[in-house]
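Summary of structural features
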Amino acid sequence: MRPERRPDRGAGAGDNHRARKRFGQHFLADPGVIDEIVRGIDPRPGQPLVEIGPGLGALTNPVVQRSGQLTVIELDRDLAARLRKRAELAVVESDVLNVDFAALAEQAGKPLRVIGNLPYNISTPILFHLLPFAARVEDQHFMLQKEVVDRMVASPGSKDYGRLSVMLQWRYEMESIVDVPPEAFDPPPKVESAVVRMVPYPAAAQADLNVPLLGEIVTVAFSQRRKMLRNTLGRWLEERGLQADFDLQRRAEEVPVDHYLALARLAGECKAG
Ligand code: SAH
């Protein structure tokens, strides 16, 4: 049994802030779940932690207790105003999609640890906004829809393996660390949630990769995921006059990430040369 939510402890109505749907506000309210997530993050004193969407502070409070200071990015003006009253928090009142994480890392003088119970309506755009900053990031811990986390960590051959898997797996090592049921939030979302840990690979490993080109290839490949690739990627390669050592008698969902990378590298070289 989960402990019952009391108005003086939960983050919702009792705190006289009404959750705003348009900001994807679902506040964590289950102390056991919060504790599990914070232990998964393992914040340490002095670390350059940045939280996206602190809301009423369900994660913020236990994290800053351990880290001493914390930068928070909050779009909701009322919530940002509350957070600003606290000396240990540096508040960036902004849409996270406009935040320059390179500048934050510059200020911190070291790679960032980014965390957050993300607004689910823009979780994929947030992941892609952060992608070009991966070299400035130590790790990321995010609460997302479980269905999205499943797609992020999926292996080739599984039904969840797709564009999102490939576009993130080339850059991050990822792992789903906690499953979270709707009842852990106030108000509860309609979907199951999960926390994912994302650790960027060393930047040098893929320094020469043309990411937009990889994106194009993967989009074409998965445009008809049940078809043989000769019908989709095969055409794409033909149109560009590219000869690749790449087995087109496969479905997109069977192709490992490094095969897509090799193709993007080849296509990039031909384009450049
Ligand atoms: N971390 C809190 C709140 C999560 S709800 C908790 O776990 O209880 C999502 C939070 O993201 C809300 O505080 C919401 O106001 C904020 N938010 C929504 N859209 C945002 C955006 N584009 N940029 C920054 N914060 C945003």
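In what follows, the structure referred to is the one given above.
Before going into details, it helps to say that this report is about the structure given with it. Chains are numbered independently. Their residues run from 1 in the order of the written sequence. Only residues with pLDDT of 70 or above have their local features reported here, since the model is predicted, and side-chain atom pairs are shown and tallied only from 80 upward, although totals for entire chains, interfaces and linings are computed over all residues. Side-chain measures here rest on the full set of heavy atoms in the structure, leaving out hydrogens and waters.

**Regarding the overall build of the protein**
Labels follow the DSSP assignment, with helices taken as runs of H or I lasting at least four residues and strands as runs of E lasting at least two, numbered in each case from the N terminus. Tallying secondary structure elements over the protein gives 10 helices and nine strands in all. Dimensions of the protein along its principal axes, counting C-alpha atoms only, are 65 × 40 × 30 Å. Across the 273 residues that make up the protein, the buried fraction comes to 49%. All accessible-area figures derive from a Shrake-Rupley calculation using a 1.4 Å probe, and residue coverage is judged against the displayed protein chains alone. When the accessible area of the protein is evaluated, it comes to approximately 13,600 Å², of which 49% is carbon and sulfur surface. His is not counted here, nor are the chain ends, while Lys and Arg score as positive and Asp and Glu score as negative. Lysine's charge is taken at NZ, arginine's at CZ, aspartate's at CG and glutamate's at CD. Each charge class in the protein was averaged separately, 36 positive and 37 negative side chains, and the resulting centres sit 3 Å apart. Classification of residues uses two cut-offs on accessible area relative to the type maximum, computed with a 1.4 Å probe and protein chains only: under 20% is buried, over 50% is exposed, and between them is partly exposed.

**Considerations on the site of the ligand**
Near the ligand lie 22 residues; those nearest to it are Q25, L28, G53, E74 and N117. We define a polar contact as two N or O atoms separated by no more than 3.5 Å, with the added condition that, inside protein, one atom must be a possible hydrogen donor and the other a possible acceptor, whereas residues neighbouring each other in sequence contribute only through side-chain atom pairs. With respect to the ligand, the backbone of L28 contributes an N or O atom lying 2.8 Å from an oxygen atom. Compared with its free state, where it exposes 560 Å², the ligand has 98% of that area covered by protein. The set of elements that each furnish at least two residues to the shell around the ligand consists of strand 1 (27–28) and strand 3 (70–74). For this classification, the nonpolar set comprises Ala, Val, Leu, Ile, Met, Phe, Trp, Tyr, Cys and Pro, the charged set comprises Asp, Glu, Lys and Arg, and every other residue, Gly included, is treated as polar. Among the residues making up the shell around the ligand, the classes are represented as 11 nonpolar, seven polar and four charged. Put simply, a residue is near a molecule or strand once any heavy atom of it comes within 4 Å of that molecule or strand.

**Quick look at the sheet that holds strand 7 (residues 172–180)**
Taken in spatial order, the seven strands of this open sheet run 4-3-2-5-6-9-7, and their pairing is mixed. Across the chains shown, the open sheet's two edge strands, defined by having one partner strand only, are strand 4 (89–93) and strand 7. Sheet twist, expressed as the mean angle between neighbouring strand axes with direction ignored, is 20°. Note on pairing: DSSP must find at least two bridges between two strands before they are called paired. Taken together, the eight bridges between strand 7 and strand 9 (residues 193–200) define a ladder with antiparallel strand orientation. The partner of V180 across the bridge, within strand 9, is S193. Two residues qualify as a contact provided that any one of their heavy atoms is within 4.5 Å of a heavy atom in the partner residue. Axis geometry follows a simple rule: fit a line to the C-alpha atoms, using only the stretch in contact for helices, then measure angles between N-to-C directions, giving values from 0 to 180 degrees. Sitting on the sheet, helix 4 (residues 101–108) is in contact with strand 2 (49–52), strand 3 and strand 5 (112–117), with an inclination near 125° to strand 5.

**Remarks on the environment of D179**
Among the secondary structure elements, D179 is positioned in strand 7. Linking D179 and K159, residues 20 residues apart in sequence, is a C-alpha distance of 19 Å. Sequence-distant contacts of D179, defined by excluding residues within four places in its chain, comprise K146, S193 and A194.

**Looking at the packing of helix 1 (residues 31–41) against helix 2 (residues 60–67)**
Running from N to C, helix 1 and helix 2 point in directions that differ by 40°, and their axes come no closer than 10 Å. By the criterion of interaxial angle, the relationship of helix 1 to helix 2 is oblique. For the element pair helix 1 and helix 2, the recorded crossing hand is right-handed. From helix 1, I34, D35 and V38 reach across to helix 2, where they touch P62, V63 and R66. Of the residues contributing to the contact of helix 1 with helix 2, the split by class is four nonpolar, no polar and two charged. Put simply, angles under 35 degrees are roughly parallel, angles over 145 are roughly antiparallel, angles from 65 to 115 are roughly perpendicular, and the rest are oblique. Throughout, a crossing is termed right-handed when the near helix is turned clockwise from the far one, and left-handed when it is turned anticlockwise from it by less than a right angle.

**What to know about the pattern of salt bridges**
Any Lys or Arg side-chain nitrogen located within 4 Å of an Asp or Glu carboxyl oxygen qualifies as a salt bridge. Enumeration over the complete set of coordinates arrives at 17 salt bridges. Between K159 and D160 there is a salt bridge, and its shortest N-O distance comes to 3.4 Å. Here R197 and E175 are joined by a salt bridge, their closest N and O atoms 3.4 Å apart. Placement of R197 in strand 9 and of E175 in strand 7 is noted, with a sequence separation of 22 residues between them.

**Thoughts on the packing of aromatic side chains**
Only Phe, Tyr and Trp rings take part, Trp by its six-membered ring, and two of them pair if their centres are within 6.5 Å. Stacked means planes under 30 degrees apart, edge-to-face means over 60, and tilted covers everything else. Counted according to the given criterion, the structure contains four aromatic pairs. On the basis of an interplanar angle of 40° and a centroid distance of 6.1 Å, the ring pair of F222 and Y260 is categorised as tilted. Of the two residues, F222 is situated in helix 8 (residues 211–222) and Y260 in helix 10 (residues 257–272); the sequence distance between them amounts to 38 residues. Under the relative-accessibility criterion, F222 is labelled buried at 12%.

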